[in-house]
Amino acid sequence: MSRDETVFVVDDDQAMRGSLKWLIESVGMRVETFDSAPAFLDAYYPGRAGCLLLDVRMPGMSGLELQDYLGRRELRIPVIIITGHGDVAMAVKAMKAGAVDFIEKPFDDEQLLNSIRKALQFDEQQRRLRARKADIAARLAELTPREHEVMAMVTDGKSNKEIAAALNVSAKTVEVHRARVMDKMRADSLAELVRLALIAGGE
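Just so it is clear, the structure is predicted and the values come from calculations on it, not from any experiment. Just so you know, the residues in each chain are numbered from 1, in the order the chain's sequence is written. Since the coordinates come from a predicted model, pLDDT governs what is reported: local features require at least 70, and pairs of side-chain atoms require 80 or more to be given and counted, while whole-chain, interface and lining totals use all residues. As a rule here, side-chain values come from all non-hydrogen atoms in the structure, and water together with hydrogens is ignored.

Student: Is there a simple way to explain the confidence of the model for the protein in this structure?
Tutor: Interpretation of the predicted coordinates at a detailed level should be avoided for regions scoring low in pLDDT. In the predicted model, the protein carries a mean pLDDT of 89, and 97% of its residues have values of at least 70. Within the protein, the element-level pLDDT minimum falls on helix 4 (residues 88-96), averaging 76, and the maximum on strand 2 (residues 30-34), averaging 96. A score from 0 to 100, pLDDT tells how confident the predictor is in each residue. Put simply, DSSP marks the helices as runs of H or I at least four residues long and the strands as runs of E at least two long, and each gets a number from the N terminus on.

If you want it as structure tokens, here you go:
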């Protein structure tokens, strides 16, 4: 686990916060606890690595409302929902809204820790993917409008001859544009170019 990753615990129950803090720190993870959703929002800034351990029922802003708030503002942090007995319907709703897991009280310590580890791993994977997309977007920004057209048709499987006919240019001109696209996108093969286009498109 990266030293920069933090497990954020939001629960209005002081005893539960203390218990979770002890458990999480006992395996070497960094943890910050908050007694309400607003307290968490006051301290959290976008981009912090980690995951959010969130009690579904809290006075004021509930866990589901906090999850919805984060989602609407595209604050991407994996959420693990903690529910009491009988709150399964709320947990399912949270999962449909993007939570990575839900844990029922009373929970098994190792089950919770495994869920946290998976959430942190997911967060790291998503951060890498976003960084990769940003890099590809920067490469795409270097292409001219015509090179964008050529790239779209190349990655759609069209031949140089088909592209030339569609753009009303010579096959030689298409070859030049295609070579520039490969160079600017830093793609060593057509397969790599297609892969870059898929990542940029979110697939």
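Student: I would appreciate a short explanation of the packing of helix 7 (residues 160-167) against helix 8 (residues 171-184) in the present structure.
Tutor: Axes are the key here: two packed helices are described by the angle between their axes and the distance separating the axes. Viewed as axis vectors pointing N to C, helix 7 and helix 8 meet at an angle of 105 degrees, and their least axial separation amounts to 8 Å. On the basis of the axis angle, helix 7 is roughly perpendicular to helix 8. In this structure, helix 7 contributes Asn160, Ile163 and Ala164 to the contact, and helix 8 contributes Ala171, Val174, Glu175 and Arg178. As a working rule, the residues Ala, Val, Leu, Ile, Met, Phe, Trp, Tyr, Cys and Pro are called nonpolar, Asp, Glu, Lys and Arg charged, and the rest polar, with Gly in that last group. By residue class, the composition of the contact of helix 7 with helix 8 is four nonpolar, one polar and two charged. Geometry is summarised by axes, namely lines fitted to C-alpha atoms with helices restricted to the contacting stretch, and by angles between N-to-C directions that run from 0 to 180 degrees. Should an angle lie under 35 degrees it is considered roughly parallel, over 145 roughly antiparallel, and from 65 to 115 roughly perpendicular; all remaining angles are considered oblique. In what follows, residue pairs with any heavy atoms lying within 4.5 Å of each other are defined as contacts.

Student: Explain the pairing of strand 3 (residues 50-55) here, please?
Tutor: Remark: a regular strand shows side chains that alternate across the two faces of the sheet. Taking burial as the measure, the six residues of strand 3 include six buried ones, the bulk of the element. Relative accessibility decides the category of a residue: with a 1.4 Å probe and only protein chains considered, values under 20% of the type maximum give buried, values over 50% give exposed, and everything between is partly exposed. What you see with strand 3 is no split at all: Gly50, Leu52 and Leu54 on one side and Cys51, Leu53 and Asp55 on the other are buried throughout. DSSP-based pairing: two strands are paired if at least 2 bridges between them are found. Where strand 1 (residues 6-10) and strand 3 come together, five bridges link them in parallel fashion. Bridging across to strand 3, Val7 finds its partner in Cys51. Across four bridges, the pairing between strand 3 and strand 4 (residues 79-83) is parallel. Of the residues in strand 4, the one forming a bridge with Leu53 is Ile80.

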